[in-house]
There are 2 protein chains.
Amino acid sequence: MDKTNTRDTIFKTAVVLFSRKGYHGTSVRDIAREVGIKESSLYNHFNGKEAILDGILAYQMDVFDKAVHALDALKSTDVDDLTDPVEFWMAGTREFLKYMDPTSGLISRILINEMYLNQKCREFYLDTMTKARKDLVKALFSEMRKKEMIRDCGIEMTADHYVYLLQGLEIEHTLRELDGEDPGVLKNELIGHITLFIQGLAQ
Amino acid sequence: MDKTNTRDTIFKTAVVLFSRKGYHGTSVRDIAREVGIKESSLYNHFNGKEAILDGILAYQMDVFDKAVHALDALKSTDVDDLTDPVEFWMAGTREFLKYMDPTSGLISRILINEMYLNQKCREFYLDTMTKARKDLVKALFSEMRKKEMIRDCGIEMTADHYVYLLQGLEIEHTLRELDGEDPGVLKNELIGHITLFIQGLAQ
DNA sequence: GTCTATAACTCGATAGAC
DNA sequence: GTCTATCGAGTTATAGAC
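Here we summarise the structure given alongside this text. (Residues numbered from 1 in each chain as written. Chains lettered and ligands numbered in written order. Predicted model: local features only at pLDDT ≥ 70, side-chain atom pairs only at ≥ 80, totals over all residues. Heavy atoms only, no water.)

**Quick notes on the protein's contact with DNA strand D**
With respect to spatial proximity, 16 residues lie near DNA strand D, and among them A:Arg29, B:Lys38, B:Ser40, B:Asn44 and B:His45 are the closest. A share of 47% of the atoms of DNA strand D within 4 Å of the protein falls on sugar and phosphate groups. A distance of 3.1 Å is found between a phosphate oxygen of DNA strand D and a side-chain nitrogen or oxygen belonging to A:Tyr43. Within the contact set of DNA strand D, a base oxygen lies 2.7 Å away from a side-chain nitrogen or oxygen of B:Ser40. If you list the elements that add at least two residues to the surface near DNA strand D, you get helix H2 (28-35) and helix H3 (39-42) of chain A together with helix H3 (39-42) of chain B. Its residues assigned to classes, the surface near DNA strand D shows three nonpolar, nine polar and four charged. (Near = heavy atom within 4 Å. Polar contact = N/O pair within 3.5 Å; in protein donor to acceptor, adjacent residues only side chain to side chain. Helix = DSSP H or I, 4+ residues; strand = E, 2+ residues; numbered from the N terminus. Nonpolar A, V, L, I, M, F, W, Y, C, P; charged D, E, K, R; others polar.)

Laid out in structure tokens, this is it:
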């Protein structure tokens, strides 16, 4: 580890510990010990514990922005040949997931942990992880409706339902993975649910 | 406050504080101060902080058990005259909600806060707040299918989708209420979503 | 940029008088 | 069942030597 990477090591270590033991359950001491430096040295890289959390929020915001823009770009280019709604949707889902690295998965956990307690986390969850996702799904459903890939289903509320389905599965699968369930099985379950949902819109 | 009610006051105070500041963010000192006794006195009623949390879980388990049994009883009695699926469903929802007092709403928040961090809370969330709810909805959907109130929609997965919708709305509405939104508006939104979902099964 | 040392405070929990 | 008093450990953060 170079000196220049210490800040990054602190960041990634904090994400892991915050997601595992919670923000309040993790001390600056824990992070420093795991990184291999003293607590006081950590303050040369971050102004304090809360500054680390701010950095984590900024990171996640960046990841989401990039994913949404990538999907916006994809929408208006090379997917015109995809006429099957399920295939169309899965292509978009794969594109979106490209931007979701393991770190951003852990950050989602931190945000859900803190959303009731911390104003910034709550705002992020409502704006980015819920509203922005709903808007994105709405735009994509509209696109599919124009191409007559799906029926007239009340796009506004249906998009909401899809996002709630996704969030519910994300939470449940994370919990079940913590209890030792096989991630492969969970992924297949996820694909099954998504497929059924989109098929329901197509018929 | 009688002496005999001190334990109950501690319990309810803990529920409020845990839901507002989190389990780790609330100290035994906070609870004692709010109740109006010294910390040491609190230990005459609970063996410790964790024992209070255990009591909270037991309370919620009891609430859910009673609500589920009430709905089971209702299913096989006086709702035979209800042939409209939305009316049928709303009658059941109202019956279920009768058992959900404000305390149990706050406890749900505590559980979601702790589900990633605490094994007992995670188990409760998965078993009671997710699986038991799915099973209940499945049973009711089967009942409705037998009476030909709904179409053949793949009851297993559809019940899951309904529970995820409910959980998603519960979380989002709690967050928005924390940010000062009008509970009345949120309740109407909830009714709108439920109605649309059940209508979608009826057609 | 890292360290030692320490300030200033909060935590859960207990002993023992009344 | 409530209190005072206290313990031992943990908390974030800073000062200053190297």
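**Concerning the interface of chain B and chain A**
Counting from both sides, the interface comprises 37 residues of chain B and, opposite them, 37 residues of chain A. The junction of chain B with chain A conceals about 3,400 Å² of combined surface from both sides, 66% of it contributed by carbon and sulfur atoms. There are four salt bridges connecting chain B and chain A. Put simply, A:Lys134 and B:Glu172 hold a salt bridge, and the shortest N to O gap is 2.9 Å. At the junction of chain B and chain A, the tally comes to eight residue pairs in polar contact (both at pLDDT 80 or more). For the side of chain B that touches chain A, the secondary structure elements donating two or more residues are helix H1 (6-21), helix H6 (102-114), helix H7 (119-146), helix H8 (155-178) and helix H9 (183-202) of chain B. Per-element accounting of the side of chain B that touches chain A gives the leading share, 13 residues, to H8(B). Residue composition of the side of chain B that touches chain A, grouped by class: 15 nonpolar, twelve polar and ten charged. (Contact = heavy atoms within 4.5 Å. Buried area = accessible area lost by both parts, 1.4 Å probe. Salt bridge = Lys/Arg side-chain N within 4 Å of Asp/Glu carboxyl O.)

**Let's talk about the packing of helix H4 (residues 49-75) of chain A against helix H5 (residues 85-98) of chain A**
All names here are of chain A. Orientation of H4 relative to H5, taken along the N-to-C sense of each, is 150°, at an axis distance of 8 Å. Considering only the axes of H4 and H5, their crossing is right-handed. Here H4 contributes Phe64, Ala67, Val68, Ala70, Leu71 and Leu74 to the contact with H5, which in turn contributes Gly92, Glu95 and Phe96. By residue class, the composition of the contact of H4 with H5 is seven nonpolar, one polar and one charged. (Axes fitted to C-alpha atoms, helices over the stretch in contact; angles between N-to-C directions. Left-handed = near helix turned anticlockwise from the far one by under 90°.)

**As for the packing of aromatic side chains**
In total, this model carries 16 aromatic pairs over all chains according to the counting rule given. Judged by centre distance (5.1 Å) and plane angle (65°), the ring pair of A:Phe18 and A:Tyr23 falls under edge-to-face. Overall, A:Phe18 belongs to the buried group, its relative accessible area being 0%. The structure contains a cluster of three or more aromatic residues connected by ring pairs, namely A:Trp89, A:Phe141, A:Tyr162 and A:Phe197. Note that A:Lys49 overlies the ring of A:Tyr23, its terminal NZ or CZ placed 4.5 Å from the centroid. The cationic tip of A:Arg109 hangs over the ring face of B:Tyr116; the distance from NZ or CZ to the ring centre is 5.6 Å. (Phe/Tyr/Trp six-rings, centres within 6.5 Å; stacked < 30°, edge-to-face > 60°. Buried < 20%, exposed > 50% of the residue type's maximum accessible area, 1.4 Å probe, protein only. Lys NZ or Arg CZ within 6 Å of the ring centre and 35° of its normal.)

**Digging into the side chain of A:Thr103**
Take A:Thr103: it is sitting in helix H6 (residues 102-114). Apart from residues lying up to four places away in sequence, A:Thr103 is in contact with A:Phe11, A:Lys12, A:Val15 and A:Tyr59.

**Re empty space enclosed by the protein**
Tallied over the entire structure, the rule returns four cavities of 30 Å³ or more. A:Glu114, A:Leu117, B:His24, B:Glu114 and B:Leu117 are, among the 16 residues lining the largest cavity, the residues nearest its centre. Those elements that place two or more of their residues in the lining of the largest cavity are H6 of chain A together with H6 of chain B. Size it by volume and the second largest cavity reaches roughly 50 Å³. Lining the second largest cavity, in full, are A:Tyr125, A:Tyr164, A:Gln167, A:Gly168, A:Ile171, B:Tyr125, B:Tyr164, B:Gln167, B:Gly168 and B:Ile171. For the lining of the second largest cavity, the class distribution of residues is six nonpolar, four polar and no charged. (1 Å grid on protein atoms, 1.4 Å probe; cavity = no way out; pocket = protein on both sides within 12 Å on 5 of 7 lines; lining within 4 Å. Points joined across faces, edges and corners; volume = space filled by probe spheres on them.)

**Points about the relation of the copies chain B and chain A**
Note on the copies: chain B fits chain A at an RMSD of 0.0 Å, the axial shift is 0.0 Å, and the rotation between them is 180°. Viewed as a symmetry operation, the transformation between the two copies matches a two-fold axis. Residue B:Asn113, judged by its C-alpha, is the member of chain B lying nearest the rotation axis, at 2.6 Å. Mapped onto chain A, 100% of the interface residues of chain B again fall at the interface, so both copies present the same surface. (Least-squares fit on C-alpha atoms with pLDDT ≥ 70 in both.)

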